[in-house]
Amino acid sequence: PQPSTLVRIDSVRLFPSRPKVPQHRWTPEDDQKVLAWAAQHGPRRWTQLSRTMFAGARSPAQLRARYSDVLNPDRVEREWT
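Residues numbered from 1 in each chain as written. Predicted model: local features only at pLDDT ≥ 70, side-chain atom pairs only at ≥ 80, totals over all residues. Heavy atoms only, no water.

K.L.:
Can you tell me about the environment of glutamate 77, naming the residues and giving the values?
P.N.:
Residue position: glutamate 77 is located in the segment after helix H3 (60-71). We classify glutamate 77 as exposed; its relative accessible area is 67%. A polar atom in the side chain of glutamate 77 sits 3.1 Å from the side chain of arginine 75. (Helix = DSSP H or I, 4+ residues; strand = E, 2+ residues; numbered from the N terminus. Buried < 20%, exposed > 50% of the residue type's maximum accessible area, 1.4 Å probe, protein only. Polar contact = N/O pair within 3.5 Å; in protein donor to acceptor, adjacent residues only side chain to side chain.)

K.L.:
I'd love a proper account of H3, names of residues and values included.
P.N.:
Structurally, the α-helix is built with 3.6 residues per turn, so residues lying three or four positions apart point the same way. Among the residues making up H3, those that are buried are Leu63, Arg66, Tyr67 and Leu71. Angularly, the buried residues of H3 cover 95 degrees about the axis, an arc narrow enough to put them on a single face. Its buried side turned inward, H3 meets helix H1 (28-41) and helix H2 (46-52). (Arc of directions from axis to C-beta. Contact = heavy atoms within 4.5 Å.)

K.L.:
Requested: an account of the nonpolar core, with residues and values cited.
P.N.:
Within the largest apolar cluster, nine residues are counted, these being Val34, Trp37, Ala38, Trp46, Leu49, Phe54, Leu63, Tyr67 and Leu71. Residue assignment for this core shows that the elements contributing at least two residues are H1, H2 and H3. (Core = buried A, V, L, I, M, F, W, Y, C linked by side-chain atoms within 4.5 Å.)

Right, here's the structure in full:
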């Protein structure tokens with residue numbers, strides 16, 4: 001038996017009708033903006049944060065996910081069980 005070969009096809013998109021949005025890495029400045037917002041307003045009103053401090057460059061869902069998954073100081077990291 002031959003080993004299976006994984007072929008990567010970059011030109012095929014699952015949803016060709018959706019425009020491809022460029023992805024930007026999170027910077028320390030972005031993280032500081034999110035943390036400052038959460039400290040002042042609590043972890044909510046992500047739409048307003050997106051419009052005011054990020055000029056729509058980050059979606060409310062991205063901001064909420066970044067805070068809850070990475071930046072939240074109450075987040076407890078444990079080993080998987």
